[in-house]
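# Coordinate inspection notes
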Amino acid sequence: MTDTESVPVACDETQEPKQEPGHMESRVAKPKNKKCTDALLPKAIEVERKFVVTDDCKEKLLELGAELFKTSEFTDEYFDVEQYTLTTHDFWLRTRGGKFELKSPVVKNDLNTPSSQYHELDDEAAILEKIAGVLGKDPGTMSLHEYLAETKCSVFSCYTTKRLSYMLEDFEIVLDEMDFGFSIGEIERMVDSESKISEALVAIDSMAEKLGLIGRKKVPGKMRAYLKIKRPEHYRALVECDGMVESNA
């Protein structure tokens, strides 16, 4: 959930999730399949395929047996340095509800295929280690906040997303509507090791066929749309960097 995100759901159905500031959600229905599925567990690697949301998308999901289990609204702020070093390396550092998250590529994402794979981190120490390797400045004893200030890594985008989250078999399928006039859908599966990525990709493609999605071309993510509209210079920098703008952050 390029470009970026997946909200873990607790296995204990009696436990109410805590809400972060700036993040609103409403649980609509529990999936009939009450076991914790791969799509809901807080695993390390997100495998996803984005798709264009059509007028009949919600109806088609319900016809296939999908269950709407959550609605949410959240605001993302994305960070980079003036030279766009993080994003041109396909590293997407953001805050959601005041909490830092980082999506970084498992391997260089192939722009000729519709799916992407990203490591997801939400531990600030681990995030600091990752971005320091890209920015090339030793953080020493600095915290993540101190390091961002020191490297002048600041917010370059901010937008709010309204999300509908469905469960269908063992996939989480989300429909996102952003406040800058863009909508997109995602089929997601979380895996805990790189050895399981190939299996997840095959399963996602099979689910895409059930949803009537055709073609093997990658669908542009929300960040590409945002940058093209709001920050054309940043957009061009990514285009020049081997098409990284196709990232699904």
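Just above sits the structure.
Reference entry: report on the structure contained in this document. (Residues numbered from 1 in each chain as written. Predicted model: local features only at pLDDT ≥ 70, side-chain atom pairs only at ≥ 80, totals over all residues. Heavy atoms only, no water.)

## With respect to the overall build of the protein
Here is the rule: For the purposes of this entry, the term helix denotes a DSSP run of H or I that reaches at least four residues, the term strand denotes a run of E that reaches at least two, and both are numbered from the N terminus. All accessible-area figures derive from a Shrake-Rupley calculation using a 1.4 Å probe, and residue coverage is judged against the displayed protein chains alone.
Check the secondary structure of the protein and you find 7 helices and 9 strands. Entry remark: accessible area of the protein is about 12,200 Å², with carbon and sulfur atoms responsible for 51%.

## Thoughts on the packing of aromatic side chains
Note the cut-off: Whether two aromatic rings pair depends on their centres lying within 6.5 Å, for rings of Phe, Tyr and Trp, where Trp uses its six-membered ring; planes under 30 degrees apart make the pair stacked, over 60 edge-to-face, and the rest tilted. Burial classes: relative accessible area under 20% of the type maximum marks a residue as buried, over 50% as exposed, and values in between as partly exposed (1.4 Å probe, protein chains only). Only when the NZ of Lys or the CZ of Arg is both within 6 Å of the ring centre and within 35 degrees of the ring normal is a charge said to sit over the ring.
Counted by the stated rule, this structure contains 8 aromatic pairs. Considering the side-chain rings of Tyr159 and Phe180, the 5.3 Å spacing of their centres and the 70 degrees angle between planes classify their relative orientation as edge-to-face. Here Tyr159 is found in strand S7 (residues 154-168), whereas its partner Phe180 is found in the loop between strand S8 (171-178) and strand S9 (182-191), with 21 residues between them in sequence. Overall, Phe180 belongs to the buried group, its relative accessible area being 12%. Taken together, the ring pairs connect Tyr78, Trp92, Phe156, Tyr159, Phe180, Phe182 and Tyr226 into an aromatic cluster. One residue, Lys103, lies across the ring of Tyr118, its end atom 5.1 Å from the ring centre.

## As for the layout of surface pockets
What counts is decided by this rule: Both site types are read off a 1 Å grid over the protein atoms alone. A 1.4 Å probe that fits but cannot get out defines a cavity, while an open set with protein on both sides within 12 Å along at least five of seven lines defines a pocket; lining residues have an atom within 4 Å of a point. Grid points are joined across faces, edges and corners, and a volume is the space filled by probe spheres set on the points. Three classes are used, and their members are as follows: Ala, Val, Leu, Ile, Met, Phe, Trp, Tyr, Cys and Pro are nonpolar, Asp, Glu, Lys and Arg are charged, and the others, Gly among them, are polar.
The calculated volume of the second largest pocket comes to roughly 190 Å³. Put simply, the parts of the chain that give the lining of the second largest pocket at least two residues each are helix H1 (57-63), S7 and S8. Partitioned by chemical class, the residues of the lining of the second largest pocket number 4 nonpolar, 2 polar and 6 charged.

## Considerations on a negative patch on the surface
For clarity, the threshold we go by: The residues that make up patches have over 30% relative accessible area and no salt bridge, and they are joined within 9 Å when like-charged or within 5 Å when they are Val, Leu, Ile, Met, Phe, Trp or Tyr. Between Lys or Arg on one side and Asp or Glu on the other, a salt bridge is scored when a side-chain nitrogen of the former is within 4 Å of a carboxyl oxygen of the latter. Only four residue types enter the charge count: Lys and Arg as positive, Asp and Glu as negative, with His and the chain ends excluded. Here the site of a charge means atom NZ of a Lys, CZ of an Arg, CG of an Asp or CD of a Glu.
On the surface, Asp55, Asp56, Glu59 and Glu63 cluster together into a patch of negative charge. Among the structural elements, Asp55 can be located in the loop between strand S2 (45-51) and H1. The exposure class of Asp55 is exposed, given its relative accessible area of 88%.

## Describing helix H3 (residues 124-135)
Rules: Take the residue count of a helix, subtract one, and multiply by 1.5 Å to get its expected span. Along the arc lie the directions from the helix axis toward the C-beta atoms. Think of a polar contact as two N or O atoms within 3.5 Å of one another; within protein, one of them needs to be a possible hydrogen donor and the other a possible acceptor, and neighboring residues in sequence only count if both atoms come from side chains.
In this model, H3 (12 residues) spans 16 Å end to end at C-alpha, consistent with the 16 Å of a helix rising 1.5 Å per residue. Of the positions making up H3, those classed as buried are Ile127, Leu128, Ile131, Ala132 and Val134. On an axial view of H3, the arc spanned by its buried residues comes to 155 degrees, and they lie on one face. Among the exposed residues of H3, those pointing more than 90 degrees away from its buried face are Ala125, Glu129 and Gly133. At the N-terminal boundary of H3, the capping side chain belongs to Asp123, with an oxygen 3.3 Å from the backbone nitrogen of Ala125. The first or second residue beyond H3 is Gly136, which carries a positive phi of 75 degrees.

## Observations regarding the packing of helix H6 (residues 222-230) against helix H7 (residues 232-240)
Our working definition: Interaxial angles span 0 to 180 degrees and are taken between N-to-C directions of axes, which are lines fitted to C-alpha atoms, for helices over the stretch in contact. In this scheme, roughly parallel covers angles under 35 degrees and roughly antiparallel covers those over 145, while 65 to 115 is roughly perpendicular and the rest are oblique. Contacts between residues were defined by any pair of non-hydrogen atoms, one from each residue, lying within 4.5 Å.
H7 packs onto H6 with a crossing angle of 130 degrees between their chain directions and a minimal axis gap of 6 Å. As judged from the angle between their axes, H6 and H7 are oblique. For the pair H6 and H7, contact is made by Arg224, Leu227, Lys228 and Lys230 and by Pro232, His234, Tyr235 and Leu238, respectively.

## Quick notes on the nonpolar core
What counts is decided by this rule: Among buried residues, the Ala, Val, Leu, Ile, Met, Phe, Trp, Tyr and Cys ones that are joined through side-chain atoms within 4.5 Å form a nonpolar core.
Counting residues in each nonpolar core, the largest one holds 22 residues, and the members touching the most others are Leu61, Ile173 and Ile187. Tallying contributions element by element places helix H5 (residues 197-210) first for this core, with 6 residues. Counting residues in hydrophobic clusters, the runner-up holds 16 residues, among them Phe79, Leu86, Leu93 and Cys153.

## Describing the pairing of strand S4 (residues 92-96)
Heads up, the rule is: Any two strands are treated as partners once DSSP identifies two or more bridges connecting them.
Most of S4 sits out of view: 5 of its 5 residues are buried. Neither face of S4 is exposed, since Trp92, Arg94 and Arg96 on one face and Leu93 and Thr95 on the opposite face are all buried. Here 4 bridges tie strand S3 (residues 67-80) to S4, and the two strands are oriented antiparallel to one another. Along S4, the bridge assignment pairs Asp76 with Arg96. Across 5 bridges, S4 lies against strand S5 (residues 99-105) in antiparallel orientation. Its bridge partner lying in S5, Trp92 is registered against Lys103. Hairpin connection between S4 and S5: a loop of 2 residues separates the two successive antiparallel strands, and Gly97 in this loop has a positive phi of roughly 60 degrees.

## Focus on the pattern of salt bridges
Two side chains with opposite charge may pair up if their charged atoms get near one another. Enumeration according to the criterion identifies 13 salt bridges in this entry. Its salt-bridge partner being Lys103, residue Glu46 comes within 2.9 Å of it at the nearest N-O pair. Residue Glu46 is located in strand S2, and its partner Lys103 is located in strand S5; the two are separated by 57 residues in the primary sequence. Given a relative accessible area of 0%, Glu46 falls into the buried group. Residue Lys103 is classed as buried on the basis of its relative accessible area, which comes to 3%.

Function cannot be read off these values alone, since they describe shape.
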